[in-house]
Each structure stands twice: as C-alpha cells, then as structure tokens.
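# What the coordinates show
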Amino acid sequence: MEEEQVLRDVARPTEQKIHPIKEVTFGAISGMVGKLIEFPLDTIKVRLQSNHGQSPITTIQMIRQTYHNEGFVHGFYKGLKAPLLGACLETAILFSSYNYASTFIANRIDKSNGTNSRKIVSVDDIPFWSKCVSGGFAGLMASFILTPVELVKCQLQVVNMHNSTPLTILSQLLPQVQKSSSSSTTSTTTTATTTTSTSTSTTHSYSSIVKRTIKDNGITGLWKGLESTIIREVVGTAIWFGTFEYLNNHFKSTADPWIENQDLQLLFSGAVAGVTFNLSVFPVDTIKSNIQTHDILNKAEHKQSNTNFWKEARKLVLRKGGIINLYNGLGITLVRCVPANALIFYTYELLKRNF
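Notes on the structure follow. (Residues numbered from 1 in each chain as written. Predicted model: local features only at pLDDT ≥ 70, side-chain atom pairs only at ≥ 80, totals over all residues. Heavy atoms only, no water.)

## A short note on the overall build of the protein chain
In plain terms, the rule: Counting from the N terminus, the helices are the DSSP runs of H or I reaching at least four residues and the strands are the DSSP runs of E reaching at least two. Only protein chains enter the accessibility calculation, which uses a 1.4 Å probe; a residue whose area is less than 20% of its type maximum is buried, one above 50% is exposed, and one in between is partly exposed. Any two residues whose heavy atoms approach within 4.5 Å are treated as being in contact. For the accessible areas, the method is Shrake-Rupley and the probe is 1.4 Å, while residue cover comes only from the protein chains on display.
Scanning the protein chain from N- to C-terminus turns up 13 helices and zero strands. A buried classification covers 46% of the 355 residues belonging to the protein chain. Nonlocal contacts in the protein chain, meaning residues at least 24 apart in sequence, comprise 83% of its contacts between residues at least 6 apart. Summed over all atoms, the accessible surface of the protein chain reaches about 18500 Å², with 63% contributed by carbon and sulfur.

Below you can see the structure in the form of structure tokens.
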C-alpha cells in the first residue's frame, strides 16, 4: 500500500504556478495598447459626465467643441501620460491578480480531491463563480492604483473645458454687445478680454494637479473617489472576466461555433466583456468622475465643500435630466470600449500563447 501511494504521488502532477514576470509584462503591454485606442473617446466621456451646464450637450457637440477650442492632440490626448502608465499598472495587476486567484482556487480544489486523482485541476476547469470571484479580487487590487491615476487624468481632461468657459460665454454675448453703444462695447470687451486672459494664463500639469491636491487635502486626497472606484472595479471586473471566460469557454466547447476563427473569437469575447462591464457599472463611474473633478470645476465659485458618493449621486439625479445624467457619455463609452477591450484580451492571449 505504501509503495502504491508513493508511486501515485510521484506520477501525479505538481500544483499549478503562475509566472509573475510574464503576467505583469503581458498585462502591461495589453493595457498600453487598449489605452492608446480608447483615450480620445475617454476624454469626451469624462467631459460629458462632468458637464454642469444648464442645457445638455450631445457627444457630437462635445467632440466639435473640443477639437475647435483645443485641437486634436492637445484636446483629445490631454493627460495621456498618467493614464498610459496607469493602464500598464492596472492591466498588469488585473491579469496577474486574476490568474493568481484562479490558480489558488484551482489548487485548493485539486488538494480537496486528494491524491486519488491523477489529473491536476486546470484554471479552465474551475467553476464559473470562482472565475467571477477571481475577477472581483483583481478589481479590488487594481482600485488602489487606479484611483490616484484617474484623479489626475479626469482633472486634466476637464480643466481646459473649465478654462475655456469665458471664451464660450464671450462668443455668445458678442451679438448682444454689438447692439449696445460704442462706449459700452469697449468696456464690456475689455473686461471680458481681461477675464479670458486671466483664465487661460493658468497652465495645469501632472505635478500641479498632484501638488494642489496634496496641499488642499493631504496625501490621502490623491485617493479621492476610492470608494466608488472599488465598487466599480470589484463588480465590473467580476463581470468583465466572467463574460470573457464564459464566451471563450462556449466557443471551445461548441462543436460548430458560429465564429470559427480563434483570433476572432478572442476579439469578440473581449469586446462583449467591455460592453457588459460598462453597462453594469456606468452610473458608478459617472459619480466617480464627478467626485474627482469636483474641486477643480468648482474652484472659481469657491465651492470647496467636501463631497462623497451619495452627495454626487443626489446632485446628478436632482439636476435637469434626472437619472439620465448618470448615463451621460454612455454612448461614446460603448463605442470606445469595443475595440479597446477586444485588443486588451487579444493582445494578452496572443502574448501568452507565443511566449
């Protein structure tokens, strides 16, 4: 009996392990690819979410306004460096944490089966709920890196919109000003020009945003919006990975899948995962964006009051438009998330398959 037990233990495979360097590298590259694709539309999404004007503005109007006032690179890629680094860190943490949790669960199940089983339990064989739990764990880990990165990103994305407001107001008032007397026109134009000059003279950068945040709120101010980020990431990432794994396994287990090409299967699964993620947690993301841009958008009005998840949610719902305000920018988000998430998963799986 003892000899049989020894032979069984020797013949049985050892438990699965992950390769940390590979997981981090593959995840970082995948995140960088996805961020470069999605960032211009993400800028428009954040501006739509943070639009506090009296009348709603459409996606097309926001795109035109951004391009007209700031140009393509400065307008659509403002604040790219921080989120590009953040995307590398985020996706590296997401995939490595997800695979760590999945491998841990697979090894626990494997050990619970005892030594009678000669086949090691693969991460592909663990229950579906385990994959969702692993996704939620990955989202929790990524939240602490994402929050300060997104704080800087969101504030840089809206600061130009805030600074250009006097120009917009001036252009709207010019027809009325021209009807006034010449002396009144001169006075009004001079005042408006002074205001515009003062507003546009202020430049914002990563360092200025970080310094101002630390000065006003301390080092913990960089994690403003952490609560909403955790809610979004834990729930959303569980759905994100869950959707991808479900579709991917469906294609593998189906004898005659409707998408036969394996590359297209990965792209489709990733795209759908991105759509389900955003549909499920978009209101939370809108509230998070408003929390993180609250100080910079209200600085001129000296409204430096503290805000939180429920305060921002209430303000958005009570504002004109009601609950629809929670979904400002959803359309353009769904457009950007399809290619971005398709490429994130495809790049990761491609690297994992070949290296």
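## Details of the pattern of salt bridges
For side chains of opposite charge, pairing can occur when their charged atoms come near one another. What counts here: In the sections that follow, a salt bridge refers to a side-chain nitrogen of Lys or Arg positioned within 4 Å of a carboxyl oxygen of Asp or Glu.
Applying the stated criterion across every chain, the model contains 15 salt bridges. Across the pair Arg336 and Glu38 runs a salt bridge, and its minimum N-O distance is 2.5 Å. A residue pair is termed long-range when its members are at least 10 positions apart, and Arg336 in helix α13 (residues 330–354) and Glu38 in helix α2 (residues 20–49) qualify at 298 residues. Judged by relative accessible area, Glu38 falls into the buried class, the value being 12%. The partner of Lys288 in a salt bridge is Glu150, with the nearest N and O atoms 2.8 Å apart.

## Quick notes on empty space enclosed by the protein
Where empty space is left can be seen by rolling a probe of water-molecule size over the atoms. Put simply, the rule is: Any residue with an atom within 4 Å of a point lines the site, the site being either a cavity, points on a 1 Å grid over the protein atoms alone where a 1.4 Å probe fits but cannot get out, or a pocket, an open set with protein on both sides within 12 Å along at least 5 of 7 lines. Grid points are joined across faces, edges and corners, and a volume is the space filled by probe spheres set on the points. Gly is placed with the polar residues, together with every amino acid not listed as nonpolar (Ala, Val, Leu, Ile, Met, Phe, Trp, Tyr, Cys and Pro) or charged (Asp, Glu, Lys and Arg).
Under the definition given, this model contains two cavities of 30 Å³ or more. In this model, the largest cavity occupies a volume close to 520 Å³. The set of elements that each furnish at least two residues to the lining of the largest cavity consists of α2, α5 (81–112), α6 (128–163), α10 (226–253), α11 (262–297) and α13. Broken down by element, the lining of the largest cavity gets its largest block of residues, seven residues, from α11. Among the residues forming the lining of the largest cavity, the class breakdown is eleven nonpolar, nine polar and twelve charged. Roughly 40 Å³ of internal volume is contained in the second largest cavity. Around the second largest cavity, the lining residues are Leu151, Gln155, Arg212, Thr213, Asn217, Gly221, Lys224, Gln292 and Asp295. When contributions to the lining of the second largest cavity are tallied by element, the ones reaching two or more residues are α6, α9 (206–217) and α11. Sort the elements by how many residues they give to the lining of the second largest cavity and α9 lands first, with three residues.

## Focus on the layout of surface pockets
Space inside the second largest pocket adds up to approximately 650 Å³. Around the second largest pocket, the lining comprises 32 residues; the ones closest to its centre are Asn99, Val123, Asp124, Glu349 and Lys352. Counting residues per element, the ones that place at least two in the lining of the second largest pocket are α2, α5, α10, α11 and α13. Here the element with the most residues in the lining of the second largest pocket is α10; it accounts for six residues. In the lining of the second largest pocket, the residues fall into twelve nonpolar, ten polar and ten charged.

## Things to note about the packing of aromatic side chains
Our working definition: When the centres of two rings from Phe, Tyr and Trp lie within 6.5 Å, Trp using its six-membered ring, the rings pair. Their planes under 30 degrees apart give stacked, over 60 give edge-to-face, and anything left gives tilted.
As enumerated under the stated definition, the model contains 17 aromatic pairs in all. On the numbers, 6.2 Å between centres and 75 degrees between planes, the contact of Phe251 with Phe268 is edge-to-face. Placement of the pair is Phe251 in helix α10 and Phe268 in helix α11, with a sequence separation of 17 residues. Given a relative accessible area of 4%, Phe251 falls into the buried group. Aromatic rings pair up to connect Phe95, Tyr98, Trp240, Phe241, Phe244, Phe345 and Tyr348 into one cluster.

Taken by themselves, the reported measurements are silent on function.
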